[in-house]
Amino acid sequence: MTITRINEFVAAEGKAEELFAFLKSLIPHISSSEGCELCEVLQSADDKNRFVVLEKWLSVESHTQSVANFPKEQMQAAMPLFGAPPKGCFYQG
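Residues numbered from 1 in each chain as written. Predicted model: local features only at pLDDT ≥ 70, side-chain atom pairs only at ≥ 80, totals over all residues. Heavy atoms only, no water.

Student: Just checking my understanding: could you explain the environment of lysine 72 for this structure?
Tutor: By secondary structure assignment, the location of lysine 72 is in helix H4 (residues 72-78). Sequence spacing of lysine 72 and aspartate 46 is 26 residues, and the spatial spacing of their C-alpha atoms is 31 Å. Of note is the side chain of lysine 72, whose polar atom sits 3.2 Å from the backbone oxygen of alanine 68. (Helix = DSSP H or I, 4+ residues; strand = E, 2+ residues; numbered from the N terminus. Polar contact = N/O pair within 3.5 Å; in protein donor to acceptor, adjacent residues only side chain to side chain.)

As structure tokens, then:
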């Protein structure tokens, strides 16, 4: 069964374009991870400071391994772009 991960992000004031670019830069890392079937970054049509990253995975474990392999320094450098802590949940159906 495929698992969907929906991650929600809010940009810091004046940082929407930078956050959007950063999130899109993650697509190659996520998409090339074992077990990833889909990765999309979407910006809200109503609030340009809100984003979602939709990911489809073969398993929760595949997603967890992908996150463990992500360069921590790249995420730390992006922290000033976030206006709130990121949120995310797994869904199945």
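Student: Just checking my understanding: could you explain the nonpolar core for this structure?
Tutor: A general feature of soluble globular proteins is that nonpolar side chains tend to end up buried together. The biggest cluster of nonpolar side chains holds 18 residues, and the ones touching the most others in it are Phe9, Leu19, Phe22, Leu23 and Phe51. Apart from the residues within four sequence positions on either side, leucine 19 is in contact with Phe9, Val10, Ala11, Phe51, Leu81 and Phe82. (Core = buried A, V, L, I, M, F, W, Y, C linked by side-chain atoms within 4.5 Å. Buried < 20%, exposed > 50% of the residue type's maximum accessible area, 1.4 Å probe, protein only. Contact = heavy atoms within 4.5 Å.)

Student: Just to check I follow, could you spell out the pattern of salt bridges for this structure?
Tutor: Two side chains of opposite charge can pair, provided their charged atoms sit close to one another. In total, this model carries one salt bridge according to the counting rule given. As a salt-bridge pair, glutamate 18 and lysine 15 come within 3.5 Å of each other at their nearest N and O atoms. For lysine 15, a relative accessible area of 28% translates into the label partly exposed. (Salt bridge = Lys/Arg side-chain N within 4 Å of Asp/Glu carboxyl O.)

Student: I keep staring at the packing of aromatic side chains and nothing clicks. Help me out?
Tutor: How two aromatic rings sit relative to each other is given by the distance of their centres and the angle of their planes. Enumeration according to the criterion identifies two aromatic pairs in this entry. Here phenylalanine 20 and phenylalanine 51 contribute two aromatic rings whose centre-to-centre distance is 5.3 Å and whose plane-to-plane angle is 25 degrees, an arrangement assigned as stacked. You can see phenylalanine 20 sitting in helix H1 (residues 16-25) and its partner phenylalanine 51 sitting in strand E3 (residues 50-57), a full 31 residues away along the chain. Since its relative accessible area comes to 2%, phenylalanine 51 is described here as buried. (Phe/Tyr/Trp six-rings, centres within 6.5 Å; stacked < 30°, edge-to-face > 60°.)

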